[in-house]
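# Architecture and fold: a report
Residues per chain, in single letters:
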Amino acid sequence: MPRSRPVSRAAADPVGELVDRLERAVVASPRRRAELAREVEGDLREAVADRVVAGAAEPAAAAAVVAEFGDPRAIAAELSRELLAAHGRRFAPLAALAAVALLAAWFAGMTSLAAVPGFGVPVEAGWMLRVSRALDVAGPFVAAAALAGWVALRRADSLAALVAVAALQLAFAVALVAGAIAMVGAVAVPPAGVGLLVALVALTLTLGGALAAAAAALLVRWGAVRLAPRRALG
């Protein structure tokens, strides 16, 4: 007895196949992709139900709705950009606040340490003073750039502004974290200032590390968004 050929998923459920392709192609967290897939599938199945109520056969109705939906590659790419821009609108102001907090902590901490008798930067570590002065200048610029990027994102969803903000924040955070680590090994701190230095370094490693990780993750996600149309081909 001849064996029947299996029916493809696309033929059996074109809506489900379209939603699966869209979910695989969208660049977002797994939870957000699942939520988006449920929303899109609900809208599509409602459109199919409306056509069936109007008298169309269900397979024909599903095929028509899928055809009207459009190219999932282009739609996935657009959704990915929109989700990334929304993420950037949350990231930019928080990044600006983190930069300001780090600058304020370093200014207050170093001012207090300078007042501790016996504290000083050795001659061979003089480069640290130059780096510190450079960061003092760069810090306000980085914070201002984050706010400017936030405005650009709110007005035009500019991914170029988001990438610039993330890159600046990443460089700033890495420089601060590296400087804090170098300071521990290069500067002799009197016992009276050890607690303050430990607190300053701990804050820098925690907040600066989190800022660097968030900025790096955002840049990686932006790179994935650039490739989003190709992911829908699978």
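I will try to describe carefully the structure that is included in this document. (Residues numbered from 1 in each chain as written. Predicted model: local features only at pLDDT ≥ 70, side-chain atom pairs only at ≥ 80, totals over all residues. Heavy atoms only, no water.)

## Here's the deal with the overall build of the chain
Per the secondary structure count, the chain includes 9 helices and 0 strands. N-terminal to C-terminal, the α/β element order of the chain is α-α-α-α-α-α-α-α-α. Taking the contacts inside the chain whose residues are at least 6 apart along the sequence as the reference set, 81% of them involve residues at least 24 apart. Summed over all atoms, the accessible surface of the chain reaches about 13000 Å², with 66% contributed by carbon and sulfur. (Helix = DSSP H or I, 4+ residues; strand = E, 2+ residues; numbered from the N terminus. Contact = heavy atoms within 4.5 Å. Areas by Shrake-Rupley, 256 points an atom, 1.4 Å probe, with all protein chains shown as cover.)

## Digging into the nonpolar core
If you look at the biggest cluster of nonpolar residues, it comprises 20 residues, and the most contacted ones within it are F119, F172 and M183. The set of elements that each furnish at least two residues to this core consists of α5 (72-114), α6 (127-156), α7 (159-186) and α8 (191-226). With 6 residues, α5 is the largest single contributor of residues to this core. (Core = buried A, V, L, I, M, F, W, Y, C linked by side-chain atoms within 4.5 Å. Buried < 20%, exposed > 50% of the residue type's maximum accessible area, 1.4 Å probe, protein only.)

## Quick word on the side chain of T204
In this structure, T204 sits in helix α8. Look past the residues within four positions of T204 in its chain and what remains in contact with it is L102, W106, L176, V177, A180 and G209.

## A short note on a negative patch on the surface
A cluster of acidic residues, E39, D43, E46 and D50, forms a negative patch on the protein surface. Position of E39 relative to the elements: it lies in helix α3 (residues 30-53). (Patch = residues over 30% accessible without salt bridge, like charges linked within 9 Å, V, L, I, M, F, W, Y side chains within 5 Å. Salt bridge = Lys/Arg side-chain N within 4 Å of Asp/Glu carboxyl O. Lys, Arg positive; Asp, Glu negative; His and termini not counted. Charge placed at Lys NZ, Arg CZ, Asp CG, Glu CD.)

## Regarding the environment of R51
Looking at where R51 falls in the secondary structure, it is placed in helix α3. The spatial distance from the C-alpha of R51 to the C-alpha of V65 is 8.9 Å, given a sequence separation of 14 residues. Filtering out sequence-adjacent residues up to four positions away, R51 remains in contact with A56, A61, A64, V65 and E68.

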